[in-house]
Amino acid sequence: MAFETITVEVDDHVSLIKLSRPEALNALNSELLGELCQALKEADDNDKVRCVVITGSEKAFAAGADIKEMSEKSFVDVFTENLFAEAIDSIAGTRKPVIAAVSGYALGGGCELAMACDFIIAAETAKFGQPEINLGVIAGMGGTQRLTRAIGKAKAMDMNLTGRFMDAEEAERAGLVSRVVPAKKLMEEAMGAATKIAEKSMPSVLAAKESVNRAFETTLSEGMLFERRVFHSMFATEDQKEGMGAFLEKRQPQFRDK
Ligand code: HXC
């Protein structure tokens, strides 16, 4: 399917989705979020795809939800349409791994979109922020929730109350991003990580993602039980025999997703 506000390339088992509204620093409007959800669903449905990378431009991953589109809306409008709620839940609900490769601004909804991905690889130029407070509103797609879980109350409060931006180095220190690389190396690093994931056994990749995500939804003892049961269930796969057998035979495993 042809998209207007994103591009999608599937190469060697990795679906690379680029946000593409350069005139508005990739601000997230209904059309873009609709297309992004569609592309992620297609990635989930396409057996060839084993990992997804979402990126933006050098200057902006995404500078937030589209302020022009939102500015005239009333309370009743955003309440009844439940603005972007379905989109962010659907993005976070993608079953296959999704990496955010962030260069430049990841602000407001852009930061929230990056946080809805499984992990963030940042260029040294990346800037994260929840500046909605400057617009007389608050974050609405996870900026008070996922950010607080990622970096703790002190920094999340600071970001949400002052609207200040956090650079890549601080974001890595705070635990918001997993890696920081020079801007020139961003896509190589993100595609390299995606390719590594694509080489694993898909059942264990899906199970690992579900299990880590469980940590955000439940108590430690329930989460431990969930992990233990999923771990046990992996022994029903042929890939467990292959993975452990290959280690003992000192060779590379040939996973078959079975
Ligand atoms: C619509 C935007 C935009 C946005 C930038 N643009 N951000 N349009 N929505 N969020 C547009 C500008 O209007 C401008 O268009 C063009 O992109 C370039 O932006 P400039 O401001 O000229 O660039 P620069 O001076 O380099 O400043 C970059 C910036 C600034 C610091 C990122 O653009 C900025 O502060 N943007 C808004 C960030 C923000 O507040 N985000 C949170 C949005 S609310 P023209 O036509 O003038 O060239 C949100 C809520 C989510 O995300 C929850 C929803 C449920």
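Residues numbered from 1 in each chain as written. Predicted model: local features only at pLDDT ≥ 70, side-chain atom pairs only at ≥ 80, totals over all residues. Heavy atoms only, no water.

(A) Structural context of the sheet that holds strand S7 (residues 119-123). The strand order S1-S2-S3-S5-S7-S10 describes an open sheet built from six strands, whose pairing is mixed. Because the sheet does not close on itself, it has two edges, and the strands there are strand S1 (6-11) and strand S10 (179-181). Strand-to-strand twist of the sheet, defined as the mean angle between neighbouring strand axes without regard to direction, takes the value 20 degrees. Relative to strand S5 (residues 98-102), strand S3 (residues 51-55) runs parallel, the two being bridged by four bridges. Pairing of Ile-54 across the sheet is with Ala-100, part of S5. (Pairing = 2+ DSSP bridges. Helix = DSSP H or I, 4+ residues; strand = E, 2+ residues; numbered from the N terminus. Axes fitted to C-alpha atoms, helices over the stretch in contact; angles between N-to-C directions.)

(B) Summary view of helix H7 (residues 153-162). Listed as buried for H7 are Ala-156, Met-159 and Asn-160. Seen end-on, H7 carries its buried residues on one side only, within an arc spanning 90 degrees. In H7, the exposed positions angled more than 90 degrees off the buried face are occupied by Ala-154 and Leu-161. Lining the buried residues of H7 we find strand S8 (127-129), helix H6 (146-151) and strand S9 (165-167). Within two residues after H7, Gly-163 carries a phi angle of roughly 75 degrees, on the positive side. (Buried < 20%, exposed > 50% of the residue type's maximum accessible area, 1.4 Å probe, protein only. Arc of directions from axis to C-beta. Contact = heavy atoms within 4.5 Å.)

(C) Looking closely at the site of the ligand. Near the ligand you find 23 residues, and of these Lys-59, Ala-63, Ala-65, Ile-67 and Gly-109 are the closest. Contact distances for the ligand include 3.0 Å between a nitrogen atom and a backbone N or O atom of Ala-63. With the chains in place, 63% of the 1,000 Å² that the ligand exposes on its own is no longer accessible. Among the secondary structure elements, those contributing two or more residues to the shell around the ligand are helix H2 (67-70), strand S6 (105-107) and helix H5 (109-116). Broken down by class, the residue content of the shell around the ligand amounts to 14 nonpolar, four polar and five charged. (Near = heavy atom within 4 Å. Polar contact = N/O pair within 3.5 Å; in protein donor to acceptor, adjacent residues only side chain to side chain. Areas by Shrake-Rupley, 256 points an atom, 1.4 Å probe, with all protein chains shown as cover. Nonpolar A, V, L, I, M, F, W, Y, C, P; charged D, E, K, R; others polar.)

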